[in-house]
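A look at the structure
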Amino acid sequence: MHIKQTRGERAFEVVNLFILTLVVVVTLYPFLHVVFASFSNPNLLAAHSGVLLHPLGFSLEAYKAVLSQSDIYTGYRNTLFLVIVGTCISLSITVLSAYVLSRRGFRLRPLLNLMAVFTMFFSGGLIPFYLQIRTLGLRESLWGLILPTAMSTYNLIVLRTAFYSVPVSLEEAARMDGAQDFTILFRVILPITGPSIAVMILFYGVSYWNSWFYAMVLLGGRRELYPLQLILREILIMSSADSMIDLDINDRAIISQTIKYATIIVSTVPVLAIYPFLQKYFVAGMMVGAVKE
């Protein structure tokens, strides 16, 4: 049976649709601007002013300049190492820690939960962190970008709550059949909390993909270890795009703008391509992890 909407409900839907459409436009247009600019003719783009609604002409010179640079491929290699190895390590530590903190009969559970939450509000700061990394011999190493920050407290709390929401009867039935903790974790809890695991993979993967600050602090002049985002930072902020172009000064200044846009696209597309496959788990995983204990 169709329920007839009142005039106020229809007005609310119209206003809500208008606001959401405006939000979509405001958030989507900057990305479209970068895409259009990266494919635009450099001379036409330099002479253009105002809103860019389509590529001005069509040119792949910027992408040719970007993809001809060895730094881009080195950055991709280092970033893929950080994403794959870092996500595996971070996920393993978070899963094991969340399982321990979700056990109802564990006596130290309240104390460990408090210690974990404490780190969200207080930290030693950047200088003690740097000195500790140097003491451990992890400076100028990709492992220094993974091991010291391997676990996010926020992700730990979300996954701990997801594990805690699993019915106790399932664990009790598994223990009656002789299952131990690792069996319960991998054959009972993880299959049930699959959406939350997918969210953790997304969170950690994107975090490692976008990381640049600690790389800038810890890697120093080791350019062969620079991740992709640090290369992108140099191009966008330090105008190192000029070194990628074998042209005179005037032409170099014109095409360097499109090179910056092309570099953004090259470094962003892989994440955008993977996200749709994990997006369907995102809402379910976050809702499972948001249930209050």
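Note that the structure is predicted; figures quoted are calculated from it, not measured. Each chain has its residues counted from 1, following the order in which its sequence is written. Confidence filtering applies because this is a predicted model: local features only for residues at pLDDT of at least 70, side-chain atom pairs given and counted only at 80 or more, and all residues used for totals across whole chains, interfaces and linings. Excluding hydrogens and water, the side-chain values take into account all heavy atoms of the structure.

So, about helix H1 (residues 7–38). Helix and strand assignments follow DSSP, with helices taken as H or I runs no shorter than four residues and strands as E runs no shorter than two, numbered in order from the N terminus. To estimate how far a helix should reach, multiply one less than its number of residues by 1.5 Å. Between its first and last C-alpha, H1 extends 46 Å over 32 residues, near the 46 Å set by a 1.5 Å rise per residue. At Leu 28, H1 shows its maximal kink, close to 35°; a proline, Pro 30, follows between one and four residues later. Burial classes: relative accessible area under 20% of the type maximum marks a residue as buried, over 50% as exposed, and values in between as partly exposed (1.4 Å probe, protein chains only). Those residues of H1 that fall on the buried side of the exposure criterion are Val 34, Phe 36, Ala 37 and Ser 38. The angle between axes fitted to the seven-residue stretch ending at a residue and the seven-residue stretch beginning at it gives the bend at that residue.

Bringing the layout of surface pockets into the picture now. Of the voids in this model, the largest pocket is the one considered here, and its volume is about 660 Å³. Elements that contribute at least two residues to the lining of the largest pocket include exactly helix H5 (109–121), helix H6 (126–135) and helix H7 (153–164). Counted by class, the lining of the largest pocket contains 13 nonpolar, eight polar and no charged residues. The distinction between a cavity and a pocket rests on a 1 Å grid over the protein atoms alone: a 1.4 Å probe fits inside a cavity but cannot get out, while a pocket stays open yet meets protein on both sides within 12 Å along at least five of seven lines, and a residue with an atom within 4 Å of a point counts as lining. Grid points are joined across faces, edges and corners, and a volume is the space filled by probe spheres set on the points. The volume enclosed by the second largest pocket comes to roughly 230 Å³. If you trace the second largest pocket, you find 13 residues lining it, with Val 83, Gly 205, Val 206, Val 271 and Ile 274 closest to the centre. Only Asp, Glu, Lys and Arg are considered charged in this grouping, and only Ala, Val, Leu, Ile, Met, Phe, Trp, Tyr, Cys and Pro are considered nonpolar; every other residue, Gly among them, is considered polar. Across the lining of the second largest pocket, the residue classes break down as 11 nonpolar, two polar and no charged.

A separate point is the packing of aromatic side chains. For any pair of aromatic rings, the description consists of the separation of the ring centres together with the inter-plane angle of the planes. Between the rings of Phe, Tyr and Trp (Trp by its six-membered ring), a pair exists once the centres lie within 6.5 Å; its type follows the angle of the planes, with under 30 degrees stacked, over 60 edge-to-face, and the other angles tilted. The full count for this structure, using the stated rule, is nine aromatic pairs. Taken together, a centroid distance of 5.9 Å and an interplanar angle of 85° make the contact between Trp 212 and Phe 213 edge-to-face. You can call Trp 212 partly exposed: its relative accessible area is 35%. Criterion for a charge above a ring: Lys NZ or Arg CZ within 6 Å of the ring centre, and within 35 degrees of the ring normal. Lying over the aromatic face of Tyr 164, Arg 104 brings its terminal NZ or CZ to 4.0 Å of the ring centre.

Here we take up helix H10 (residues 194–210). Compared with the 24 Å implied by 1.5 Å per residue over 17 residues, the 24 Å span of H10 between its first and last C-alpha is a close match. Looking at H10, one finds that the buried residues are Ser 196, Ile 197, Ala 198, Val 199, Met 200, Leu 202, Tyr 204, Gly 205, Tyr 208 and Trp 209.

It is worth spelling out empty space enclosed by the protein at this point. Following the criterion strictly, the structure yields one cavity of 30 Å³ or more and no others. There is about 40 Å³ of room inside the largest cavity. Residue lining of the largest cavity: Arg 103, Arg 104, Phe 163, Val 166, Pro 167, Val 168, Glu 171, Val 188 and Ile 189, and that is the complete set. Mapped onto the lining of the largest cavity, the elements with two or more residues apiece are helix H8 (168–176) and helix H9 (181–192). When the residues that make up the lining of the largest cavity are grouped by side-chain class, the tally is six nonpolar, no polar and three charged.

When two helices pack together, you describe them by how their axes are tilted relative to each other and by the distance separating the axes. H10 packs onto H9 with a crossing angle of 80° between their chain directions and a minimal axis gap of 5 Å. Judged by the angle between their axes, H9 and H10 are roughly perpendicular. In contact with Leu 190, Pro 191 and Ile 192 of H9, H10 contributes Gly 194, Pro 195 and Ile 197. Split by residue class, the contact of H9 with H10 holds five nonpolar, one polar and no charged. Each axis is a line fitted through C-alpha atoms, taken for helices only over the stretch in contact, and angles between the N-to-C directions span 0 to 180 degrees. Roughly parallel refers to an angle under 35 degrees, roughly antiparallel to one over 145, roughly perpendicular to one between 65 and 115, and oblique to any angle outside these ranges. Any pair of residues with heavy atoms lying within 4.5 Å of one another is described as a contacting pair.

As a per-residue quantity, pLDDT reports the predictor's confidence and falls between 0 and 100. Summing up the model confidence of the protein, the mean pLDDT is 82 and the portion of residues at 70 or higher is 87%. Element-level mean pLDDT values for the protein span from 70 in helix H13 (residues 249–288) up to 91 in helix H4 (residues 70–101). For the stretch residues 289–293, pLDDT sits under 50, and the model shows nine contacts to residues farther than four places along the chain or on other chains.

Below, the discussion takes up the environment of Leu 96. In this structure, Leu 96 sits in helix H4. A residue is classified by how much of its surface remains accessible, and Leu 96, at 41% relative accessible area, is partly exposed. Taking the C-alpha atoms as reference points, Leu 96 and Arg 160, separated by 64 residues in sequence, lie 9.6 Å from one another. Dropping the residues within four chain positions of it, Leu 96 is found in contact with Phe 182 and Leu 185.

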